[in-house]
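Coordinate analysis (summary)
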Amino acid sequence: MLHKIEQWIDQTNLEYQGQRISCSKFFDDFRGFYSLEFLQKAYFVVVDTIPKPNFPELRQMGLGDFIDMEVHGITYKNTYYVLPHLASNLRLHFHELVHVAQWGHLGAIPFIERYITEIKTVGYGESPLEKMAYGFDSHFTNGGEKIDVPNYVAQKI
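This text gives an overview of the structure that appears in the document. Nothing here was measured: the structure is a model prediction, and the numbers come from that model.

Remarks on the layout of surface pockets
There is about 580 Å³ of room inside the largest pocket. For the largest pocket, the lining is made up of 32 residues, of which F66, G73, I74, Y115 and E130 are closest to its centre. At the level of secondary structure, the elements contributing two or more residues to the lining of the largest pocket comprise α1 (2-15), α5 (64-68), β3 (73-76), α6 (90-106), α7 (108-122) and α8 (128-141). Per-element tally for the lining of the largest pocket: the top contributor is α6, with six residues. Partitioned by chemical class, the residues of the lining of the largest pocket number 21 nonpolar, six polar and five charged.

Considering the sheet that holds strand β1 (residues 21-22)
A sheet is described by the order of its strands in space; here four strands give the open sequence β1-β2-β4-β3, paired in mixed fashion. Looking along the sheet, the strands with just one partner apiece sit at the ends: β1 and β3. Both strand β2 (residues 43-46) and strand β4 (residues 79-82) contribute to a ladder of four bridges, which runs parallel. Bridge pairing in β4 links V45 to Y81. Each of β2, β3 and β4 touches α6; the most contacted strand, β3, lies at about 20° to it.

Things to note about the nonpolar core
The biggest cluster of nonpolar side chains holds 24 residues, and the ones touching the most others in it are C23, Y34, Y80, F94, L97, V98 and V149. Breaking this core down by element, the ones donating at least two residues are α3 (36-40), β4, α6, α8 and α9 (149-156). Take this core: its biggest share by element is six residues, from α6. Core analysis: the second largest hydrophobic core is formed by 23 residues, V45, V71, F111 and I112 among them.

Remarks on the environment of V46
Looking at the secondary structure, you find V46 in strand β2. Once the C-alpha coordinates of V46 and L129 are considered, the two residues, 83 residues apart in sequence, prove to be 23 Å apart. Other than its neighbours up to four places away in sequence, V46 contacts Q19, V82, L83, P84 and A87.

Description of the environment of Y124
Locating Y124 in the fold gives a position in the loop between α7 and α8. Taking the C-alpha atoms as reference, Y124 lies 17 Å from V100; in sequence the two are 24 residues apart. Engagement of the side chain of Y124 in a polar contact is seen with the side chain of E130, the distance being 3.3 Å. Looking at Y124, its side chain comes within polar contact range of the side chain of Y134, at 2.8 Å.

Rules and cut-offs
- Residues numbered from 1 in each chain as written.
- Predicted model: local features only at pLDDT ≥ 70, side-chain atom pairs only at ≥ 80, totals over all residues.
- Heavy atoms only, no water.
- 1 Å grid on protein atoms, 1.4 Å probe; cavity = no way out; pocket = protein on both sides within 12 Å on 5 of 7 lines; lining within 4 Å.
- Points joined across faces, edges and corners; volume = space filled by probe spheres on them.
- Helix = DSSP H or I, 4+ residues; strand = E, 2+ residues; numbered from the N terminus.
- Nonpolar A, V, L, I, M, F, W, Y, C, P; charged D, E, K, R; others polar.
- Pairing = 2+ DSSP bridges.
- Contact = heavy atoms within 4.5 Å.
- Axes fitted to C-alpha atoms, helices over the stretch in contact; angles between N-to-C directions.
- Core = buried A, V, L, I, M, F, W, Y, C linked by side-chain atoms within 4.5 Å.
- Buried < 20%, exposed > 50% of the residue type's maximum accessible area, 1.4 Å probe, protein only.
- Polar contact = N/O pair within 3.5 Å; in protein donor to acceptor, adjacent residues only side chain to side chain.

In structure tokens, the structure reads:
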């Protein structure tokens, strides 16, 4: 199942490759949190509908609520997807970039496995991966001190 999800992610990212926008455009806003090198390897896509895998097996695993949940953004590897009305929301971009760092540190299969396990056992709101991203986006929004996010992620997960 994990490999099926990764294949779907790779296909989705490939389908939207021509619409990707480099996150390097956020370098001035996120200076001190994300390096230019990191941002140059991360992308976002503005979409009308957030793409999610909707396999029957995922619903059978108890992930139907997550699949059906309305979200503002979602990250797959080094690319994340956002809705048009939030395309300029720095807090959302900051949040999704935390997930890009998590994906990058853990690798695809370990990230997918951990994310599914967390959602199933403690729910979306209590998922440690999500709590880290929400904590960071709040820290950024409230003018917190600069922290190298990818380095922090690598040390803490």
